[in-house]
Amino acid sequence: MNALHRDPSSYISAMFSYEFLDGGIDYDSIEQIHRGEFDEWIFALAGSGLFTNEEVRSMVQEWRLNPKTLLNTLLADADEVTAKRCEVTWAALDRVAPFTPSVPVAVFG
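All of the points below concern the structure found in this document. Small disclaimer: the values here were computed from a predicted structure and weren't measured.

**A few points about the nonpolar core**
Across soluble globular proteins, nonpolar side chains show a tendency to be buried alongside one another.
Part 1 of the argument: The biggest cluster of nonpolar side chains holds 22 residues, and the ones touching the most others in it are I12, I33, L45, W63 and L70.
Part 2 of the argument: Elements with a minimum of two residues in this core: α1 (9-16), α2 (27-35), α3 (39-48), α4 (53-65), α5 (68-74) and α6 (80-96).
Part 3 of the argument: Considering each element in turn, this core owes the most residues, four residues, to α4.
Part 4 of the argument: If we skip the residues at most four places from it in the chain, I33 touches F38, W41, P67, L70, L71, L74 and W90.

Have a look at this one:
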């Protein structure tokens, strides 16, 4: 049997985009995503029966590397104003997020 490669983002968008449709911005969700707290979405994806365990793991890995990919997926069907508001919120969170260096920082004293 040949398995077709499918892009799960359209399924994810369909499952969760209600949180961001018609200007109904869920700022708490944006903050959770920005902090890398994906448990709510992981649990829903794993329990949906639409994805294999490997697909869920792959999505989670992608989100951990770049949390904004989940936000962009959720905003796929949002109107332009809602998407812009979410982008502004994300940028504000980037400015106030604690500095976490990706490489060790040398301290001289």
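Alright, that's what it looks like, and here's the rest.
**With respect to the packing of α3 against α4**
Part 1 of the argument: Here α3 crosses α4 at 160 degrees, and the two axes come no closer than 10 Å. As the angle between them shows, α3 and α4 are arranged roughly antiparallel. For the pair α3 and α4, the sense of crossing is right-handed. Contacts from W41, I42, L45 and A46 of α3 reach α4 at V56, M59, V60 and W63.

**A short note on the environment of E37**
Part 1 of the argument: Locating E37 in the fold gives a position in the loop between α2 and α3.
Part 2 of the argument: Taking the C-alpha atoms as reference, E37 lies 9.1 Å from R64; in sequence the two are 27 residues apart.
Part 3 of the argument: Polar side-chain contacts of E37 include one of 2.9 Å to the side chain of R35.

**Overview of α4**
Part 1 of the argument: With 13 residues, α4 ought to run about 18 Å at 1.5 Å a step, and its terminal C-alpha atoms sit 18 Å apart, in line with that.
Part 2 of the argument: Buried within α4 we find V56, M59, V60 and W63. Viewed end-on, α4 has its buried residues packed into an arc of 100 degrees, placing them on one side of the element. More than 90 degrees from the buried face of α4, the exposed residues found are Q61 and L65.

**Some words on the pattern of salt bridges**
Part 1 of the argument: Evaluated as defined, the whole model comprises four salt bridges.
Part 2 of the argument: R35 is the partner of E31 in a salt bridge, and the nearest nitrogen-oxygen pair spans 3.7 Å. You can see E31 and its partner R35 sitting in helix α2, four residues apart, about one turn around the helix.
Part 3 of the argument: When the shortest N-O distance is used, the salt bridge between K68 and E87 registers 2.8 Å. In this pair, K68 is assigned in helix α5 and E87 in helix α6, connecting sequence segments 19 residues apart.
Part 4 of the argument: Residue classification places E87 among the partly exposed residues on the basis of a relative accessible area of 29%.
Part 5 of the argument: Through salt bridges with shared partners, a single network forms among E31, R35 and E37.

Cut-offs and rules
- Residues numbered from 1 in each chain as written.
- Predicted model: local features only at pLDDT ≥ 70, side-chain atom pairs only at ≥ 80, totals over all residues.
- Heavy atoms only, no water.
- Core = buried A, V, L, I, M, F, W, Y, C linked by side-chain atoms within 4.5 Å.
- Buried < 20%, exposed > 50% of the residue type's maximum accessible area, 1.4 Å probe, protein only.
- Helix = DSSP H or I, 4+ residues; strand = E, 2+ residues; numbered from the N terminus.
- Contact = heavy atoms within 4.5 Å.
- Axes fitted to C-alpha atoms, helices over the stretch in contact; angles between N-to-C directions.
- Parallel < 35°, antiparallel > 145°, perpendicular 65-115°, else oblique.
- Left-handed = near helix turned anticlockwise from the far one by under 90°.
- Polar contact = N/O pair within 3.5 Å; in protein donor to acceptor, adjacent residues only side chain to side chain.
- Expected span 1.5 Å × (residues − 1).
- Arc of directions from axis to C-beta.
- Salt bridge = Lys/Arg side-chain N within 4 Å of Asp/Glu carboxyl O.

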